[in-house]
Amino acid sequence: ALLAEIDKLEQDVKLVGQGASGVLRVGVSGTATYRLMPMIVQAARVHMPGLRLNVQGEMLTPEMEIALEEQRVDVAVLRPPIRSSQLSLKFLEKDELVVALPEDHELASRGLLDLSDLADEPFITYPLSSAVNTISIEACRQAGFSPQIVQETQETSTLLSFVAAGMGVALVPTARRMFALQGIVFRQLRNAPAV
């Protein structure tokens, strides 16, 4: 870890030496990588043109918390809840969960779905430590079932690839609909849980 920190510091010093007025190390969750991060980068370019961004994408909240506490990132776009009392949070946006289905799934032809419609489906999920997974599992329990998890993955692109391959269904934030992945349809949920 110490060697990695030295390498990062060396990279940051090189960037400043190349004319950057500073370097901001940013940790980013999956949703922010595809939706908020482009807006953040654009705002930084306009308002702080000498600032260089060092972005670490597709991180889970627990990873980002540790990275913030260990000062390996300066700021993070993450999903609460967090356990650390040392961190300050600022709310950016709320994202409703939608269901990602293989395009040939029997529910794909329907519009609005109830979470209980998924009670007998195999689920592809984020890891248990993920905020999205915690909220999804609780929402399923409130709908009267415990999801049958057949695969966990950290990266959204991998999760959606598993869905496209017909391995199961997944609950994902609305921003994931920005993915144009062949073989998947997204459907809204009635009383959708939010992250």
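Relevant structure appears above.
Residues numbered from 1 in each chain as written. Predicted model: local features only at pLDDT ≥ 70, side-chain atom pairs only at ≥ 80, totals over all residues. Heavy atoms only, no water.

If you add up the space inside the largest pocket, you get close to 750 Å³. Listed by contribution, the elements that provide at least two residues to the lining of the largest pocket are strand E1 (22-28), helix H2 (30-34), helix H3 (36-47) and strand E3 (75-77). Tallying contributions element by element places H3 first for the lining of the largest pocket, with four residues. Of the residues in the lining of the largest pocket, the class split is 22 nonpolar, three polar and five charged. (1 Å grid on protein atoms, 1.4 Å probe; cavity = no way out; pocket = protein on both sides within 12 Å on 5 of 7 lines; lining within 4 Å. Points joined across faces, edges and corners; volume = space filled by probe spheres on them. Helix = DSSP H or I, 4+ residues; strand = E, 2+ residues; numbered from the N terminus. Nonpolar A, V, L, I, M, F, W, Y, C, P; charged D, E, K, R; others polar.)

For the rest of this paragraph, the subject is the sheet that holds strand E2 (residues 51-56). The strand order across the open sheet formed by three strands is E2-E1-E3, and the pairing between neighbours is parallel. The open sheet has two edge strands, E2 and E3, and neither has a second partner. Each adjacent strand pair in this sheet contributes to an overall mean axis angle of 30°, direction not counted. Against the sheet, H3 engages E1, E2 and E3, with an angle of about 165° to E2. (Pairing = 2+ DSSP bridges. Axes fitted to C-alpha atoms, helices over the stretch in contact; angles between N-to-C directions. Contact = heavy atoms within 4.5 Å.)

Among the residues of helix H6 (residues 156-164), Thr-156, Leu-159, Leu-160 and Val-163 are the ones counted as buried. One side of H6 carries all its buried residues, which in axial view fall inside an arc of 95°. (Buried < 20%, exposed > 50% of the residue type's maximum accessible area, 1.4 Å probe, protein only. Arc of directions from axis to C-beta.)

Take the sheet that holds strand E7 (residues 170-173) next. Pairing within the open sheet is antiparallel, and its three strands lie in the order E7-E4-E8. Of all strands in the sheet, those bounded by a partner on one side alone are E7 and strand E8 (184-188). Mean inter-strand twist for the sheet, computed between neighbouring axes without regard to direction, equals 40°. Sheet topology places strand E4 (residues 97-102) next to E8; five bridges connect them, and they run antiparallel. Within E8, the position partnered with Val-98 by the bridge is Gln-188. Across the sheet, helix H5 (residues 131-142) touches E4 and E7, and the angle it forms with E7 is around 125°.

Along the polypeptide, Gln-56 turns up in strand E2. A relative accessible area of 19% places Gln-56 in the buried class. Those residues in contact with Gln-56, other than ones at most four positions away along the chain, are Lys-8, Val-26, Gly-27, Val-28, Arg-72 and Val-73.

Moving on to helix H4 (residues 61-69). Every buried residue belonging to H4 is among Thr-61, Met-64, Glu-65, Ala-67 and Leu-68, and all of these are buried. Angularly, the buried residues of H4 cover 165° about the axis, an arc narrow enough to put them on a single face. Immediately downstream of H4, the backbone of Gln-71 shows phi near 60°, a positive value.

Under the definition given, this model contains one aromatic pair. Aromatic side chains Phe-123 and Phe-145 sit 6.2 Å apart centroid to centroid with 40° between the ring planes, which places their arrangement in the tilted category. One end of the pair, Phe-123, is in strand E5 (residues 122-125); the other, Phe-145, is in the loop between H5 and strand E6 (148-152), and 22 residues separate them in sequence. For the pair Phe-123 and Phe-145, one class covers both residues: buried. (Phe/Tyr/Trp six-rings, centres within 6.5 Å; stacked < 30°, edge-to-face > 60°.)

Turning to the side chain of Glu-121, a few remarks are in order. On the secondary structure map, Glu-121 appears in the loop between E4 and E5. No salt bridge is formed by the buried Glu-121; the nearest opposite charge belongs to Arg-110, separated by 8.9 Å. A polar atom in the side chain of Glu-121 sits 2.9 Å from the side chain of His-105. Those residues in contact with Glu-121, other than ones at most four positions away along the chain, are His-105, Gln-148 and Val-169. (Lys, Arg positive; Asp, Glu negative; His and termini not counted. Salt bridge = Lys/Arg side-chain N within 4 Å of Asp/Glu carboxyl O. Polar contact = N/O pair within 3.5 Å; in protein donor to acceptor, adjacent residues only side chain to side chain.)

Moving on to the pairing of E7. Judged by which residues are buried, E7 turns out to be covered on both faces: Ala-170 and Val-172 on one side and Leu-171 and Pro-173 on the other are all buried. Where E4 lies against E7, four bridges are found, and the strand directions are antiparallel. Its bridge partner being in E7, Val-98 is matched across the sheet by Val-172.

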